[in-house]
Amino acid sequence: MRSMQSIILALLVSLLLVGCNNNLAEIKNETDEKVYQIIDETWDEDLGDKTNFRIQESASDANDLLCSAMPADGILTLPQAVQIATQHNRLYNTEKENLYLTALDLTEIRHVYEPMPIFGGDAGYRQDNDNEGYGGFTSFGFNQLLATGAQVGADVSLGWLEITSGNMRSGFSTVASAVISQPLLRGAGRKVALENLTQGQRNTLYQVRSFNRFRKDFVTQIATDYQRVLELYDRRQNMSQYYLELSKFCYSLKKRAKVGRVEIHELEEAEQDRLNALSNGIVIERQYAEALDDFKMQLSIKPDVVFALDINELKAYQQVDPAEFALSEEQAIEIALNQRLDLANAADSVEDAERKVELAADAIRAELNLVGYTEIQQPRRTVFGAVPGELEETRDRYQLSAQLDLPIDRLTEKNNYRRALIALMQQQRDHKELTDTVILEVRKSYRNMEEAYRRYKIERDNLNLAKSRTDHTLSLMQYKRASIRDVLDAQEDWVDVQNALTTALVDYFEASLTFLRDTGTMKIKPDGMWQDQVLTSLP
């Protein structure tokens, strides 16, 4: 008897210790391991490298990373900017967390289809009429939902009871029970039983695709904004140079005006242009500073951190000179329809809606469940705590039954079926609309890219003409064959063309990235940058 009491006590203590195991660090690490494994399994290689999706756990921020990675010259390159953004941008981190949470939901859904252990117990004192005693029991078992829709469960209880008064017997007893419920009509079959698991897996796939679609949008935006800041920097430099040239020109005109070789109104006209250049330079200086601060916010860097962007990133893109676009507009559209991740999600969502219709139809059917139950006690003694506050003597039980629920009242289920049909039609329309939207986006980005490149070539030729015109006008003015107004106009056009060339170049850069993004051909590398792809050699 004492050995049995010791066994029960040991089991209850073990239960208490297991329940008190709250190592939060281990819990977090185990959860992360399961979630990231699901993401790794779901991530298709065609989506790109499996990088930049883990939740940032470090307390360090972008400013720490910037300080450690910033070169001595204080210049932040485009790859460095993208790296910082993919690690610390607030929206990017939110998207990573959304991906994590979707996979986390799947761990719970999977757990429903796994054996779910049961471990519990009770110990204390009981009094029931003339019967009085003390003791305890512990039970262990499992519940599980099977792929056929059946629900099974098993439980074994070990109990010890010491009767101090009454006619019940003291001693040790075991109670084993098992139950199974198998649907034969409504709710039967793998498709119905595994629906939650199927939808959970597909939701994770959708979120992985959406995250990779977001990465392409995000990198396109960061790279474009980087170049737009450089465009303002270039404008500032051009305006500064323009102001210096006008200042030199005005100085020479003042010397000539003193000897009567230049009219006063011509000198005043030149001075007015110089002051306008100074005023415009002040405006551009503010615009550049604000754009740089806004870009710092995108990177989650404090606005008062001082650094500059690499002008060589802008100059390097000037070397891009495709003779023609190898892809036709029709080919680009065909590629997009096959590779766009959001369109793949929309197409698969139609399949989900079709499956929901089948499940809704199944719910209208009659319900017939086969139920089996058994409970065996050895030896037959009083069970401690079988009913709270009672000392109850149990007996062996066996049961096999069929539970029938005829579809007499299925109004809710019928309405749900109609809702599922409407949801299917809506999803089909959404898919068609997104297909048209993708085609429209590709056509637009293709035209924008083609237009931007042609404008860039025109402005590049125009730059040479503007430079030549400025030099010739200055020479002609020496022989009084060109007026001072002609020189001023030529210099103004010269700086305008420089700015127009830079704008066209950045427009082409943005249009090229947008085209890669809209066709779904952009691939993200481990450092967050996109793979170098020449537009004339796209698949």
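Calculation notes
Residues numbered from 1 in each chain as written. Predicted model: local features only at pLDDT ≥ 70, side-chain atom pairs only at ≥ 80, totals over all residues. Heavy atoms only, no water. Helix = DSSP H or I, 4+ residues; strand = E, 2+ residues; numbered from the N terminus. Buried < 20%, exposed > 50% of the residue type's maximum accessible area, 1.4 Å probe, protein only. Contact = heavy atoms within 4.5 Å. Areas by Shrake-Rupley, 256 points an atom, 1.4 Å probe, with all protein chains shown as cover. Axes fitted to C-alpha atoms, helices over the stretch in contact; angles between N-to-C directions. Parallel < 35°, antiparallel > 145°, perpendicular 65-115°, else oblique. Left-handed = near helix turned anticlockwise from the far one by under 90°. Nonpolar A, V, L, I, M, F, W, Y, C, P; charged D, E, K, R; others polar. Salt bridge = Lys/Arg side-chain N within 4 Å of Asp/Glu carboxyl O. Expected span 1.5 Å × (residues − 1). pLDDT = per-residue confidence, 0-100. Core = buried A, V, L, I, M, F, W, Y, C linked by side-chain atoms within 4.5 Å. Lys, Arg positive; Asp, Glu negative; His and termini not counted.

(A) Molecular detail of the overall build of the chain. A count of helices and strands for the chain gives 13 helices and 10 strands. Taken over 539 residues, the chain has a buried fraction of 42%. Looking at the chain alone, contacts between residues at least 24 apart form 77% of all its contacts between residues at least 6 apart. About 29000 Å² of surface is accessible on the chain, with carbon and sulfur atoms providing 52% of the total.

(B) Main features of the packing of helix H12 (residues 411-478) against helix H13 (residues 484-519). Following both chains from N to C, one finds H12 and H13 inclined at 160 degrees, their axes separated by 7 Å at the closest point. By the criterion of interaxial angle, the relationship of H12 to H13 is roughly antiparallel. Crossing hand, H12 versus H13: left-handed. A class-by-class count of the residues in the contact of H12 with H13 yields 22 nonpolar, 10 polar and 11 charged.

(C) Up close: the pattern of salt bridges. Scanning the entire structure with this criterion turns up 35 salt bridges. Between Asp 405 and Arg 410 there is a salt bridge, with its nearest N and O atoms 3.7 Å apart. A relative accessible area of 31% means that Asp 405 is categorised as partly exposed. According to the relative accessible area criterion, Arg 410 is buried, its value standing at 4%. Of the charged contacts in the structure, one is a salt bridge between Arg 454 and Glu 450, with a shortest N-O distance of 3.3 Å. Linking Arg 454 with Glu 450, this pair stays in helix H12, spanning 4 residues, or about one helical turn.

(D) Quick look at helix H8 (residues 264-298). In a regular helix each residue adds 1.5 Å, so 35 residues correspond to 51 Å; H8 covers 51 Å between its end C-alpha atoms and thus fits that length. In the stretch just after H8, Ser 300 is the one whose phi turns positive, near 60 degrees.

(E) How the structure looks around the environment of Asn 462. Note on placement: Asn 462 falls in helix H12. Taking relative accessible area as the criterion, Asn 462 reaches 29% and is therefore assigned partly exposed. For the pair Asn 462 and Leu 501, spaced 39 residues apart in the sequence, the C-alpha separation amounts to 8.6 Å.

(F) Region of interest: the confidence of the model for the chain. In this model, the chain carries a mean pLDDT of 84, and residues with pLDDT of at least 70 account for 81%. Within the chain, helix H11 (residues 341-364) carries the highest mean pLDDT (96), whereas strand E9 (residues 391-393) carries the lowest (49). Between residues 385-391, whose pLDDT stays under 50, and residues either more than four places distant or in other chains, the model counts 22 contacts.

(G) Broad picture of the nonpolar core. Residues Ile 39, Phe 295, Leu 299, Leu 309 and Trp 530 are the most contacted members of the largest nonpolar core, which totals 74 residues. With 12 residues, helix H7 (residues 195-258) is the single largest residue contributor to this core. Every residue in contact with Phe 295, bar those within four places of it in the chain, is listed here: Ala 81, Ile 222, Asp 225, Tyr 226, Val 229 and Leu 309. One finds Tyr 242, Leu 253, Val 262 and Val 495 within the second-largest nonpolar core, a separate group that totals 17 residues.

(H) The arrangement of the side chain of Asp 234 in detail. Residue placement: Asp 234 occurs in helix H7. One buried charge, Asp 234, has no salt-bridge partner; the nearest side chain with opposite charge is Arg 235, at 7.2 Å.

(I) Region of interest: the environment of Asp 409. Take Asp 409: it is sitting in the loop between strand E10 (397-405) and H12. In this structure, the C-alpha to C-alpha distance between Asp 409 and Ile 364, residues 45 residues apart in sequence, is 9.3 Å.

(J) The arrangement of helix H4 (residues 78-88) in detail. Of all 11 residues in H4, 8 are buried, a share of seventy percent or more. The set of residues buried in H4 consists of Leu 78, Gln 80, Ala 81, Val 82, Ile 84, Ala 85, Thr 86 and His 88.

(K) Representation of the packing of H11 against H12 in the model. Where H11 contacts H12, the axes come no closer than 9 Å and their chain directions differ by 170 degrees. Considering the angle they form, H11 stands roughly antiparallel to H12. Relative to H12, the crossing made by H11 is left-handed. Here the residues of the contact of H11 with H12 sort into 17 nonpolar, 6 polar and 5 charged.

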